[in-house]
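Summary of structural features
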Amino acid sequence: ALSMFGTTVGLYGIPWCKKSLLLTVLMSVIGASMGILDTGGNVLALNTWGAEAGPHMQALHFSFAVGAFVAPILAKMALGGSESKDLPVAEKANQSVPRSVPTASAASAASALKHHLGADFLWSYIVIGTYLLFVSFFFFILYSKGSSARDKSKASLQKCMFAKYHYALIFLLFIFFFCYVGAEVTYGSYLFTYAKVFAEMKENEAAALNSVFWGAFAACRGVAIFCAACLYPGTMILLSITGSAVSSLCLAFFARYPALLWVGTAVYGASMATIFPSGISWIEQYTVVQGKSASLFVIGAALGEMCIPAVVGYLQGRFHHVPVVMYTALVTSAMTVLLFPLMYKLANSPRESDLKEMGESEDRKALLSNSGLNEDEEDEEDAEDWNEADFEVIEMNDTLRNSVIETSRKIPGGSPAKGSLQPRLDDVLRDSPVVAGGSPGRKNANVDREKND
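In this text, all values refer to a predicted model and were calculated from it rather than measured experimentally. (Residues numbered from 1 in each chain as written. Predicted model: local features only at pLDDT ≥ 70, side-chain atom pairs only at ≥ 80, totals over all residues. Heavy atoms only, no water.)

1. Focus on the packing of aromatic side chains
- Taken as a whole and assessed by the stated rule, the structure comprises 14 aromatic pairs.
- Between tryptophan 282 and phenylalanine 340 the ring centres are 5.4 Å apart and the planes differ by 55 degrees, which places this aromatic pair in the tilted class. Taken together, the positions of tryptophan 282 in helix α10 (residues 275-284) and phenylalanine 340 in helix α12 (residues 324-347) put the pair 58 residues apart, joining distant regions of the chain.
- Owing to a relative accessible area of 2%, tryptophan 282 belongs among the buried residues under this scheme.
- The class for phenylalanine 340 is buried, based on a relative accessible area of 6%.
- A connected cluster of aromatic rings, assembled from ring pairs, spans Tyr187, Phe213, Trp214, Phe217 and Tyr268. (Phe/Tyr/Trp six-rings, centres within 6.5 Å; stacked < 30°, edge-to-face > 60°. Helix = DSSP H or I, 4+ residues; strand = E, 2+ residues; numbered from the N terminus. Buried < 20%, exposed > 50% of the residue type's maximum accessible area, 1.4 Å probe, protein only.)

Okay, here's the thing in structure tokens:
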């Protein structure tokens, strides 16, 4: 709720900025708010749906992909009409005079165009800000009514156990998302330039290729909502990193063929679509993902989005004839292929408590198996052991019997007491758990006891 409200404040203030410093501050507020939303939204989905968060996580990130795909198109449609209407007016005003000589008509036309475009931008920011303000109020209402749900989530978190290598998993996921998100943003940002420079495509063809990448990306995230209901997150990650590795390999070495460039771009976009939401759902199966843990790997994703495109742009400027974009996609895909098995191995390492429970269960099974008396090879040994135990119990019982009889004799009128105690003592001895326990030497023990009597 707070992040959406901060974004609303930034959007309301940007159209009125006249100073670059104030604009920088407001843009920073929006960036920080979006970072909070990135972290809090993922953790909120995990706390709300728990083990069933897979489809909901895919739906959450599908909305990101749809926004990234649709928003530029809508902005172009909103601004294209005004430009097409007003630009000819300014051109006609400038046709009769040299460009170096400013005229009043040209200045007025440019001012009118600037005013009209500014009004469109103003209303765009106001509409989007109002929508986010409404969403912010909705989350504040949910927060005010969700105290019991928060208590339940805290109780469930206290019952959960962290993985044995919790911090190592978070660090590896940090690097994993650093490579993945950096590759995703780099490819989507430089694909248009690559298509024009290396593939020698026309501008509209390069734009179409860029749309194919983001369109496949958004469409695959939409399909993943239904796939997450029947596939494990680990399976989806494995399929995604395999597809990204194969497609990036083809793009790195065979992108000069137009057909492979189009197909490889579509497959690469589809393969990259489900990795981030599936990664968050996957790590939740093995350890507790709280706000601090989620913020760490979201920071990794943000650093990859910031650093890798900057490095690729610098290297591409230094090495003009090398397709740095495609090689970056290949290297980052190889990194994800290497990191995921390592994370899977650490996640499945048993905790100390699990090892202790396994040891206790094995000891219990061993005791039960050793006390089993149905095996033919151990029948004779068990019979001898039980006979020896029965004899020891009988001897103890005889000593107890004699002591009781001697005590009863000392009591006045001892013979009636002796007669009354004798059958009861025999009943007690007969009901003894060792003698009457059904052992192999039970009959022999009873015979020997009668002889001793």
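2. Notes on unusual backbone geometry
- For glutamate 200, which is not a glycine, the phi torsion comes out positive at approximately 55 degrees.
- Residue position: glutamate 200 is located in the loop between α6 (166-197) and α7 (203-227).
- The exposed category is assigned to glutamate 200, whose relative accessible area is 68%.

3. Description of the side chain of serine 240
- Along the chain, serine 240 turns up in helix α8 (residues 233-254).
- The residues contacting serine 240, other than those within four sequence positions of it, are Ser271, Thr274 and Ile275. (Contact = heavy atoms within 4.5 Å.)

4. A closer look at the nonpolar core
- Ranked by internal contacts, the top residues of the largest apolar core, which has 57 residues, are Phe176, Phe177 and Phe297.
- For this core, the element with the highest residue contribution is α6, accounting for 14 residues.
- Excluding its chain neighbours within four sequence positions, the residues that come into contact with phenylalanine 177 are Gly182, Ile275, Phe276, Gly279, Ile280, Phe297, Gly300 and Ala301.
- Met4, Ile14, Leu26 and Leu132 belong to the second largest nonpolar core, which has eight residues in total. (Core = buried A, V, L, I, M, F, W, Y, C linked by side-chain atoms within 4.5 Å.)

5. Some remarks on helix α11 (residues 291-318)
- Along its 28 residues, α11 runs 41 Å from first to last C-alpha, staying within 8% of the 40 Å computed at 1.5 Å per residue.
- What α11 keeps buried is the set Ser293, Ala294, Phe297, Val298, Gly300, Ala301, Gly304, Ile308, Pro309, Val312 and Gln316.
- Close packing links the buried residues of α11 with α2 (20-49), α6, α10 and α12. (Expected span 1.5 Å × (residues − 1).)

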